[in-house]
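Single-letter residue listing:
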Amino acid sequence: MTVTAADVKAEAVRIGFVACGIASLDASIRGDALDRWLAAGYGGTMRYLHRQAKKRKHPATITPGARSAIVVLENYTAPAAERPQSGDAFKIAAYARGMDYHIVTLGRLHILTQWLKQRGAGLAHAWVDDGPVADRELAERAGLGWIGKNTMLIHPRIGSYTFIGTVFTDLELPANTSMTTDLCGTCTRCLDACPTDAFVTERVLDATRCLSYLTIESKGELPVELVPRSDGWAFGCDICNDVCPWNEKFSTPTSVAEFGARPAPDRRDPAAFDNMSEADFSRRFADTPLARPGLERMRRNVQAARASHTKPVNR
Ligand code: B12
Ligand code: SF4
Ligand code: SF4
């Protein structure tokens, strides 16, 4: 059975992805930028990024036998009622309201890999965030948007509240044309709004200053000078996406039910995690992004978020 790129894209949309494109597996054109970023130490303790660098620069070596990558976007935009509200004791990033996208999106990609195999693909390997894949660059190459000054992949009619998933396949599918226009123009909203001044310059983020890294990846104490600037965020941060005019204009709430908020944690309760046992935390959050930092670090984060409400910020 022959399967065309148009068939693949239609199936991806039928499954529920909001966009799909095809990327070639040619060598990265941003390898030097990645090397410079790693050498500058902007990746902090995320050592896996160093280990994966070679493969990221050479996508054809990631899944041996693959000839093209199918790239999809998954919308996780939160409805207004599930965004941070005034009176909240702490904030949680929109992507972490419900079930972990590593479970949800990968599950949906497996429907696509099965579909491909039934139509003659010998190889169809799905990756979501977890592999040695330069997700944003492949999405850009698949014609799904441009990389904004905030480093996000922004789709011109969807915005940037999206996860990127890829399927590496041995099917030889014609690649899309990469989007070459920088639609950021003279805008600098994201750079100006970042509370910790984490952008070294446009499109270069020092992750060690980013609240997302500090609250999710970093295991030690949060840097004393950045705690007052954490703006109430206890898990991740949405500011450089929230202020982007392309999201203001185009983002619409996700229809993926699993990303929806659960009754817990109570964001109005500053002691929400202090009064929780490890067993309770695990029962409620084991399949959510909050499991990555775990209970102890969520307590640390809420404490810092609370401190940021009360301490003066000297910038
Ligand atoms: C490490 C990581 C982080 C780190 C570092 C982020 C960063 N900007 O580098 C931290 C923990 C801070 C983080 C935070 C977040 N992350 Co994150 N993260 C990753 C991960 C695992 C690797 C990214 C990476 O390689 N960084 C190193 C830099 C150098 O590479 P890069 O981001 O791809 O950047 C490229 C461009 O900057 C480009 N570039 C450099 N110079 C120039 C110049 C020009 C002119 C151009 C056009 C491009 C360009 O080249 C780079 C190399 O390809 C990816 C998944 C993956 N496998 O790719 C998810 C990923 C990037 N994260 C994602 C998300 C959702 C987030 C958060 C929004 C979560 C949150 N709410 O807290 C924030 C956003 C913060 C931000 N502004 O980036 C999504 C982004 C989806 C999208 N639409 O873009 C990804 C793709 C996961 C996924 N599969 O969906 N993340
Ligand atoms: S996620 Fe928040 S802290 Fe990180 S770069 Fe964006 S605005 Fe800054
Ligand atoms: S806020 Fe402005 S500069 Fe930043 S990514 Fe969006 S359009 Fe580009």
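For clarity, every value in this text was computed on a predicted model and none was experimentally measured.

Caption draft 1: Layout of the packing of aromatic side chains. Counting across every chain of the model gives 14 aromatic pairs. Centre to centre, the rings of Phe 273 and Phe 285 are 6.1 Å apart; their planes meet at 45°, and the pair counts as tilted. Taken together, the positions of Phe 273 in the loop between helix 9 (245–250) and helix 10 (278–285) and Phe 285 in helix 10 put the pair twelve residues apart, joining distant regions of the chain. Note on Phe 273: relative accessible area 1%, which makes it buried. Its end group placed over the ring of Phe 17, Arg 108 keeps NZ or CZ at 5.3 Å from the ring centre.

Caption draft 2: Just the site of ligand 2, in detail. Taken together, Cys 194, Pro 195, Thr 196, Phe 199, Leu 205, Cys 210, Leu 211, Cys 237, Ile 239 and Cys 240 are the residues near ligand 2. Of the residues that constitute the shell around ligand 2, the class distribution is nine nonpolar, one polar and no charged.

Caption draft 3: How the structure looks around the pairing of strand 7 (residues 162–169). Most of strand 7 sits inside the fold, with eight of its eight residues counted as buried. Strand direction decides the pairing type here: strand 4 (residues 124–127) and strand 7, joined by four bridges, are antiparallel. What sits directly across from His 125, in strand 7, is Phe 168.

Caption draft 4: Examining the site of ligand 3 more closely. In the vicinity of ligand 3, the contacting residues are Lys 149, Asn 150, Ile 154, Cys 184, Cys 187, Arg 189, Cys 190, Cys 244, Pro 245 and Trp 246. Broken down by secondary-structure element, the contributors of at least two residues to the shell around ligand 3 are helix 6 (189–193) and helix 9. For the shell around ligand 3, the class distribution of residues is seven nonpolar, one polar and two charged. Residue-level mapping places the shell around ligand 3 at the junction of two domains, with at least three residues from each of domain 1 (5–83 + 97–169) and domain 2 (189–244 + 262–309).

Caption draft 5: Highlighting the packing of helix 1 (residues 5–15) against helix 4 (residues 101–118). Two elements in contact, helix 1 and helix 4, have axes whose closest approach is 10 Å; the angle formed by their N-to-C orientations is 145°. As helix 1 runs across helix 4, the sense of the crossing is right-handed. Contacts from Asp 7, Val 8, Glu 11, Ala 12, Arg 14 and Ile 15 of helix 1 reach helix 4 at Arg 108, Ile 111, Leu 112, Trp 115 and Leu 116. In terms of residue class, the contact of helix 1 with helix 4 is made up of seven nonpolar, no polar and four charged.

Reading the values: the criteria
Residues numbered from 1 in each chain as written. Chains lettered and ligands numbered in written order. Predicted model: local features only at pLDDT ≥ 70, side-chain atom pairs only at ≥ 80, totals over all residues. Heavy atoms only, no water. Phe/Tyr/Trp six-rings, centres within 6.5 Å; stacked < 30°, edge-to-face > 60°. Helix = DSSP H or I, 4+ residues; strand = E, 2+ residues; numbered from the N terminus. Buried < 20%, exposed > 50% of the residue type's maximum accessible area, 1.4 Å probe, protein only. Lys NZ or Arg CZ within 6 Å of the ring centre and 35° of its normal. Near = heavy atom within 4 Å. Nonpolar A, V, L, I, M, F, W, Y, C, P; charged D, E, K, R; others polar. Pairing = 2+ DSSP bridges. Domains from an automatic or database assignment. Axes fitted to C-alpha atoms, helices over the stretch in contact; angles between N-to-C directions. Left-handed = near helix turned anticlockwise from the far one by under 90°. Contact = heavy atoms within 4.5 Å.

Spatial relationships are all this shows, so hold off on functional conclusions.
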